[in-house]
Amino acid sequence: LDVAKATAAPFRLNETCSTAFRIWLNFFSVKRPAFPSASAVRWGKKLAAEVAVVMARYPDADPDDVRLTLIALQSPPLVRLNRSLRRGRGFAAFRK
Amino acid sequence: VAEGLPLSESELRLLESLLRHKIRFMVVGLSAAALQGAPVVTEDIDLWFDNLSDPKLMQALLKVGAAYIPPFGYNPPMLGGPGSEPFGIAIRMNGLDAFAVEWKRAVDVKVGRLWLKVLPLERVLASKRAANRPKDLRVIPVLQSTLRTLQAKSKRRSKKAKP
């Protein structure tokens, strides 16, 4: 029995597997631009400030509804309506 | 406008035909609320017509291959044919004044390339309160908060506009 060959073969196989895995990973990895975290945080802070303004004026309003309204107002009316219809029909499908 | 969305090109063509034929109608209900920013969900777009027996209405629908289906048994009046699928016809608006009065109060909202008359949020709220069905009562707090948000925004805008 050639001990060197017997032990080296699985090792080589492992090495080949790991290389192949790395190539596979590289092949499928998509180069995404870095998440614009700074601008997202800025947007979130601005939104929170707007919610605070509404809540200061109308403490009876629901802050979640106010926030969602302010977000909805950032889209054009057609987008808002289509979003509302798609979600409404989605819920209806669950009900049936 | 991408096809496959509830309100896509064929639906907009139907609305455009109604506008071209000078049919007096407005968007009411939760679709009207959604158009004005309310975070609500709905299954159809309710249209309130001034006169359902107007011959021009039939012409406008025929132009796009659609048709008016009169009430039959449990069926309310409906629109049928291409582009009519998301639309419902409102036959009774609880808690509102006559069409002509509400028409004057209606707000103009740009939906895609069309300017549609839309029942103001305050009036949607009034109609939901008057309808008083469980599903109407559920959305009242959301509509109230939306109204508050719009009021606060318009006050801020008018303050900024003042020198």
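These numbers were taken from a predicted model, which means no experiment stands behind them.

Peer 1: Any chance you could explain the packing of helix H3 (residues 63–72) of chain A against helix H6 (residues 134–161) of chain B here in plain terms?
Peer 2: Two numbers describe a pair of packed helices, the interaxial angle and the distance between the axes. Where H3 of chain A contacts H6 of chain B, the axes come no closer than 9 Å and their chain directions differ by 60°. It follows that H3 of chain A is oblique to H6 of chain B by the angle criterion. For the pair H3 of chain A and H6 of chain B, the sense of crossing is right-handed. Judged by residue contacts, Asp65, Val66, Thr69 and Leu70 of chain A of H3 of chain A engage Pro141, Val142, Ser145, Thr146, Thr149 and Lys153 of chain B from H6 of chain B.

Peer 1: In this structure, what is going on with helix H1 (residues 9–20) of chain B? I would like to understand it.
Peer 2: Helical geometry note: an α-helix holds 3.6 residues per turn, so side chains three or four residues apart project in the same direction. Residue and element names in this part refer to chain B. In this model, H1 (12 residues) spans 16 Å end to end at C-alpha, consistent with the 16 Å of a helix rising 1.5 Å per residue. Listed in full, the buried residues belonging to H1 are Glu9, Glu11, Leu12, Leu14, Leu15, Glu16, Ser17 and Leu18. Lys22 sits one or two positions beyond H1 and adopts a positive phi of about 55°.

Peer 1: When you look at the interface of chain A and chain B in this model, what are you seeing that I'm missing?
Peer 2: A common way to express how large an interface is: the accessible area buried when the components associate. At the junction of the two partners, chain A supplies 29 residues and chain B supplies 35 residues. Summing both partners gives a buried area of about 2800 Å² for chain A against chain B, and 63% of it is carried by carbon and sulfur. Put simply, chain A and chain B have 2 salt bridges between them. A salt bridge links Arg148 of chain B to Asp60 of chain A; the shortest N-O distance between them is 3.3 Å. Summed over the shared surface of chain A and chain B, the number is 9 residue pairs in polar contact (both at pLDDT 80 or more). When contributions to the side of chain A that touches chain B are tallied by element, the ones reaching two or more residues are helix H2 (37–57), H3 and helix H4 (77–95) of chain A.

Peer 1: Explain the nonpolar core here, please?
Peer 2: A general tendency of soluble globular proteins is for nonpolar side chains to be buried together. Ranked by internal contacts, the top residues of the largest apolar core, which has 52 residues, are Leu15, Leu18 and Leu143 of chain B. Among all residues touching Leu143 of chain B, those that are not within four sequence positions of it are Leu30, Ala33, Ala38, Val40, Leu121, Val124, Leu125 and Lys128 of chain B. Among the nonpolar cores identified, the runner-up in size contains 8 residues, and Leu47, Ala61 and Leu70 of chain A together with Ala152 of chain B belong to it.

Peer 1: Can you walk me through the environment of Pro120 of chain B in this structure?
Peer 2: All names here are of chain B. Among the secondary structure elements, Pro120 is positioned in the loop between strand S7 (114–118) and helix H5 (121–131). When the C-alpha positions of Pro120 and Arg138 are compared, they lie 19 Å apart, and in sequence the two are 18 residues distant. Discounting chain neighbours no more than four positions away, the residues touching Pro120 are Gln36, Arg105, Ala106 and Val107.

Conventions and cut-offs
Residues numbered from 1 in each chain as written. Chains lettered and ligands numbered in written order. Predicted model: local features only at pLDDT ≥ 70, side-chain atom pairs only at ≥ 80, totals over all residues. Heavy atoms only, no water. Axes fitted to C-alpha atoms, helices over the stretch in contact; angles between N-to-C directions. Helix = DSSP H or I, 4+ residues; strand = E, 2+ residues; numbered from the N terminus. Parallel < 35°, antiparallel > 145°, perpendicular 65-115°, else oblique. Left-handed = near helix turned anticlockwise from the far one by under 90°. Contact = heavy atoms within 4.5 Å. Expected span 1.5 Å × (residues − 1). Buried < 20%, exposed > 50% of the residue type's maximum accessible area, 1.4 Å probe, protein only. Buried area = accessible area lost by both parts, 1.4 Å probe. Salt bridge = Lys/Arg side-chain N within 4 Å of Asp/Glu carboxyl O. Polar contact = N/O pair within 3.5 Å; in protein donor to acceptor, adjacent residues only side chain to side chain. Core = buried A, V, L, I, M, F, W, Y, C linked by side-chain atoms within 4.5 Å.

So yeah, pure geometry; function would need other evidence.
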